[in-house]
Amino acid sequence: MKKIECYIQPFDFDTVAHAMAVEGVVGMSVTEVRGFGVQRGFHRGEEAPPGEYRFHPKMKVEMVVSDADVERIVQAIQDSLKSHMIGEGKIFISPVEDAIRTRTGERGEAAIH
Ligand SMILES: Nc1ncnc2c1ncn2[C@@H]1O[C@H](COP(=O)(O)OP(=O)(O)OP(=O)(O)O)[C@@H](O)[C@H]1O
Ligand SMILES: [Mg+2]
């Protein structure tokens, strides 16, 4: 299992969530966050002065999925984001050791399907 954690623009959230539903994603957590990337939050032709940064509102979307589904889902996220502007988003993928459905005690893959 892998966790796909992506940071996207709030205005892109509905599009991404719809694409995930089409891909059959059956679990997702969403958090409103603030963040910056390589430009340290200076996005309109300004260069970030040394040591300065600006946080911008982003949505963090987290999904734990089967290994076999990762590339398809990552591609669907990228395809659903069309602005291609600086600050569009970033995706992180990390290993997940186990999962537990508390109600039944099912573990691993059985807990996420
Ligand atoms: N290294 C990081 N660690 C944690 N969060 C990050 C990291 N990089 C980006 N983020 C999150 O992702 C959001 C979007 O990042 P962003 O798209 O600006 O990445 P970038 O690498 O600067 O690419 P671009 O050049 O397109 O702006 C940030 O606002 C932040 O919330
Ligand atoms: Mg950036």
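That block above? That's the structure.
Everything quoted here is computed from the prediction, not taken from an experiment.

The rules behind the values
- Residue numbers run consecutively from 1 along every chain, following the written order of its sequence.
- For naming, the first written chain is A and the first written ligand is 1, with later ones following in the order written.
- Local features are withheld for residues below a pLDDT of 70 in this predicted model, meaning they are given only at 70 or higher, and side-chain atom pairs are given and counted only at 80 or more; totals for whole chains, interfaces and linings count all residues.
- Hydrogens are left out, water is left out, and the side-chain values use all remaining heavy atoms of the structure.
- Helical segments are the DSSP runs of H or I of at least four residues, strand segments are the runs of E of at least two, and each set is numbered from the N terminus.
- The contact criterion used throughout is that any non-hydrogen atoms of two residues lie within 4.5 Å.
- Each accessible area is a Shrake-Rupley result for a 1.4 Å probe, and residues are judged covered by the shown protein chains and nothing else.
- Neither His nor the chain termini are counted; the positive set is Lys and Arg, and the negative set is Asp and Glu.
- A charged residue contributes its charge at one atom only: NZ of Lys, CZ of Arg, CG of Asp or CD of Glu.
- Note on definitions. A residue lies near a molecule or strand when any single heavy atom of the residue is within 4 Å of it.
- In protein, a polar contact means a hydrogen-donor-capable atom and an acceptor-capable atom, both N or O and within 3.5 Å, with residues adjacent in sequence counting only if both atoms are side-chain atoms; elsewhere, any N or O pair within 3.5 Å suffices.
- Residue classes follow a fixed rule: Ala, Val, Leu, Ile, Met, Phe, Trp, Tyr, Cys and Pro count as nonpolar, while Asp, Glu, Lys and Arg count as charged, and any other residue, Gly among them, counts as polar.
- By this definition, two strands are paired if DSSP reports at least two bridges between them.
- To obtain each axis, a line is fitted to C-alpha atoms, and for helices this fit is confined to the stretch in contact; angles are then taken between N-to-C directions over 0 to 180 degrees.
- Residues grouped as a nonpolar core are buried Ala, Val, Leu, Ile, Met, Phe, Trp, Tyr and Cys residues, joined through side-chain atoms within 4.5 Å.
- Only protein chains enter the area calculation, which uses a 1.4 Å probe; residues under 20% of their type maximum are buried, those over 50% are exposed, and those in between are partly exposed.

Brief notes about the overall build of the protein
- Secondary structure summary: the protein contains 3 helices and 4 strands in total.
- Secondary structure elements in the protein, listed N-terminal to C-terminal, are β-α-β-β-α-β-α.
- Seen along its three principal axes, the alpha-carbon backbone of the protein occupies a region of about 50 × 25 × 20 Å.
- In the protein, of all internal contacts separated by at least 6 residues, the share reaching a separation of at least 24 is 68%.
- Accessible area of the protein: about 7,400 Å², with a carbon and sulfur share of 53%.
- Between the mean site of the 14 positive side-chain charges and the mean site of the 18 negative ones, the protein shows a separation of 4 Å.

Overview of the site of ligand 1
- Ligand 1 sits among 13 residues. The nearest are Val38, Gln39, Gly87, Gly89 and Lys90.
- With respect to ligand 1, the backbone of Val38 contributes an N or O atom lying 2.7 Å from an oxygen atom.
- One of the backbone nitrogen or oxygen atoms of Gly87 is found 2.7 Å away from an oxygen atom of ligand 1.
- If ligand 1 stood free it would expose 620 Å²; the protein chains cover 72% of that surface.
- The element best represented in the shell around ligand 1 is strand E4 (residues 89-95), accounting for 3 residues.
- Here the shell around ligand 1 is built from residues that sort into 5 nonpolar, 5 polar and 3 charged.

Observations regarding the sheet that holds strand E3 (residues 56-65)
- Strand order in the open sheet formed by 4 strands is E2-E3-E1-E4, and the pairing between neighbours is antiparallel. Each end of this open sheet is capped by a strand with a single partner; those strands are strand E2 (29-35) and E4. In this sheet, neighbouring strand axes are inclined to one another by 25 degrees on average, regardless of whether the strands run parallel or antiparallel.
- In the sheet, E2 pairs with E3 via 7 bridges, with the strands oriented antiparallel. What sits directly across from Thr31, in E3, is Lys60.
- Together, strand E1 (2-8), E2 and E3 form the strand contacts of helix H1 (residues 13-22), whose direction differs from that of E3 by roughly 10 degrees.

Here's the deal with the nonpolar core
- With 18 residues, the main nonpolar core has Ile4, Ile8, Met20, Met63, Ile73 and Ile77 as its most contacted residues.
- Within the residue set of this core, elements represented by two or more residues are E1, H1, E3 and helix H2 (70-80).
- Among the elements that line this core, the one with the most residues is H2, at 5 residues.
- Each residue touching Ile4, except ones within four places of it in the same chain, is listed here: Val61, Glu62, Met63, Val65, Val70, Ile73, Val74, Ile77, Ile91 and Phe92.
- Core analysis: the second largest hydrophobic core is formed by 5 residues, Met1, Val96, Ala111 and Ile112 among them.

Geometric descriptors of this kind do not, in isolation, establish any biological role.
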